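Inside the fold
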Amino acid sequence: MNKDLSIIGVPMDLGQSRRGVDMGPSAIRYAGVEETLEDLKYNLRDLGDVPISRPDNKREIQEGNLRNLKQVADGNQKLAEMVDKEINNNRFPLVLGGDHSIAIGSLAGISRHYENLGVIWYDAHGDLNSGETSPSGNIHGMPLAVSLGIGHEKLTNILGYSPKIKPENIVIVGARSLDPGEKELIQESGIKVYSMHEIDRMGMTSVMTETIDYLKERTDGVHLSLDLDGLDPEEAPGVGTPVIGGLSYRESHLAMEMLEESNLLTSAEFVEVNPILDDKNKTATMAVGLIGSLFGEKLK
């Protein structure tokens, strides 16, 4: 993996309705992400946080069925430009969220550098809604659909091109909460999904082996988008949309270790850490542990 690594924080909480996730990047830094990566001999550069503007009236603004559309789009535009610049400088972007709407900007900045970018979506949710299918209007439930070119043009056209990714280059791992419109899109587009049912039956080793082999054949770069709510809330309580019956910390460590060994990843993001809902920064500490495994930390 590229040893030149840039951390970008995105204190975004406008893609959903629960406050606190904007403190996620600070919580992950406080839990020791920089020290962990420096110990692993990475040439680390922390670029600080993307500036996020808030609605003028300090209340959520709904445009159609999209909450805080302008602010979410503006923040993702800034993130996309930063990510694009770091890749141009031959650096590996590691993005810290913030709610999962920030994946819109991450993928916009990354995908223009690849013909067939692969995406591993490690998440309890599909995030494949649009304004038409979303029950809530929360944009953090839409970034994968937006990146496929589905949704409002203020989101789909960030950096002036769309779509960012192809459905056949996506693998969702850990899904257990999908809305009806998301299920329909998955069936129509052929997105590969390993739900908790498949993970329980096959085991994480087989799931990640298949995922790596599948993406290796068809992509020229792979982005990992890891939502901490992919883990079971008993282990990772500090997330905004917990869903019981999730992945264990041990399974997730194994997945990260296998990705590191594959030498497949070209970018990554860790999102949805909400310290207000957490227990003594447990979820951010878990995120740092997973980042350590992803970047080569081993027991021996």
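Residues numbered from 1 in each chain as written. Predicted model: local features only at pLDDT ≥ 70, side-chain atom pairs only at ≥ 80, totals over all residues. Heavy atoms only, no water.

Per an unreviewed UniProt entry, the protein goes by Arginase and derives from Virgibacillus siamensis. Word for word, the UniProt comment on the protein under Sequence similarities (unreviewed entry) is "Belongs to the arginase family." Reading the Catalytic activity (unreviewed entry) entry of the UniProt record for the protein gives the comment "L-arginine + H2O = urea + L-ornithine". (UniProt positions renumbered as here; feature names shortened; annotations may be inferred.)

Here the focus is the sheet that holds strand β7 (residues 170-175). Spatially, the 8 strands line up as an open sheet ordered β2-β1-β5-β10-β9-β6-β7-β8, and their pairing is parallel. Looking at which strands have only one partner, the edges of the open sheet turn out to be β2 (43-49) and β8 (192-195). Averaged over all pairs of adjacent strands, the angle between their axes in this sheet comes to 15°, without regard to strand direction. The sheet strands contacting helix α3 (residues 69-88) are β1 (4-10), β2 and β5 (92-97), and the helix crosses β1 at an angle near 175°. On the sheet, helix α4 (residues 103-111) packs against β5, β6 (117-122), β9 (221-227) and β10 (265-271) and is oriented at approximately 160° with respect to β6. (Pairing = 2+ DSSP bridges. Helix = DSSP H or I, 4+ residues; strand = E, 2+ residues; numbered from the N terminus. Axes fitted to C-alpha atoms, helices over the stretch in contact; angles between N-to-C directions. Contact = heavy atoms within 4.5 Å.)

A few words now on the environment of L40. Looking at the secondary structure, you find L40 in the loop between α2 (33-39) and β2. For L40, a relative accessible area of 18% translates into the label buried. Measuring from C-alpha to C-alpha, the distance between L40 and G296 comes to 7.2 Å, with 256 residues separating the pair along the chain. L40 has contacts with K3, G292, F295, G296 and E297, leaving out every residue within four places of it along the chain. (Buried < 20%, exposed > 50% of the residue type's maximum accessible area, 1.4 Å probe, protein only.)

In this section: the packing of helix α9 (residues 204-218) against helix α10 (residues 249-262). At a minimum axis distance of 10 Å, the contact between α9 and α10 shows a crossing angle of 30°. In terms of orientation, α9 lies roughly parallel with respect to α10. Like other packed secondary-structure pairs, α9 and α10 cross with a definite hand, here right-handed. The segment α9 lies against α10, with M204, T205, M208, T209, I212 and K216 engaging E251, L254, A255, M258, L259 and S262. Classifying every residue of the contact of α9 with α10 by side-chain character gives 7 nonpolar, 3 polar and 2 charged. (Parallel < 35°, antiparallel > 145°, perpendicular 65-115°, else oblique. Left-handed = near helix turned anticlockwise from the far one by under 90°. Nonpolar A, V, L, I, M, F, W, Y, C, P; charged D, E, K, R; others polar.)

To continue, consider α3. Turn by turn, an α-helix covers 3.6 residues, leaving residues three or four places apart pointing in a common direction. Compared with the 28 Å implied by 1.5 Å per residue over 20 residues, the 28 Å span of α3 between its first and last C-alpha is a close match. Among the residues of α3, L69, Q71, V72, A73, G75, N76, L79, A80, V83, D84, E86 and I87 are the ones counted as buried. Residue N90 follows α3 closely and has a positive phi angle near 60°. (Expected span 1.5 Å × (residues − 1).)

Our next topic: unusual backbone geometry. Omega for the bond connecting G97 with G98 falls within 30 degrees of zero, at 15°, which places this linkage in the cis form. Position of G98 relative to the elements: it lies in the loop between β5 and α4. In this structure, N90 takes a positive phi of about 60° despite not being glycine. Relative to the elements of secondary structure, N90 occurs in the loop between α3 and β5. For N90, a relative accessible area of 57% puts it in the exposed group. The phi dihedral of L159 falls on the positive side, at around 65°, and the residue is not glycine. The topology assignment puts L159 in the loop between α6 (153-156) and β7.

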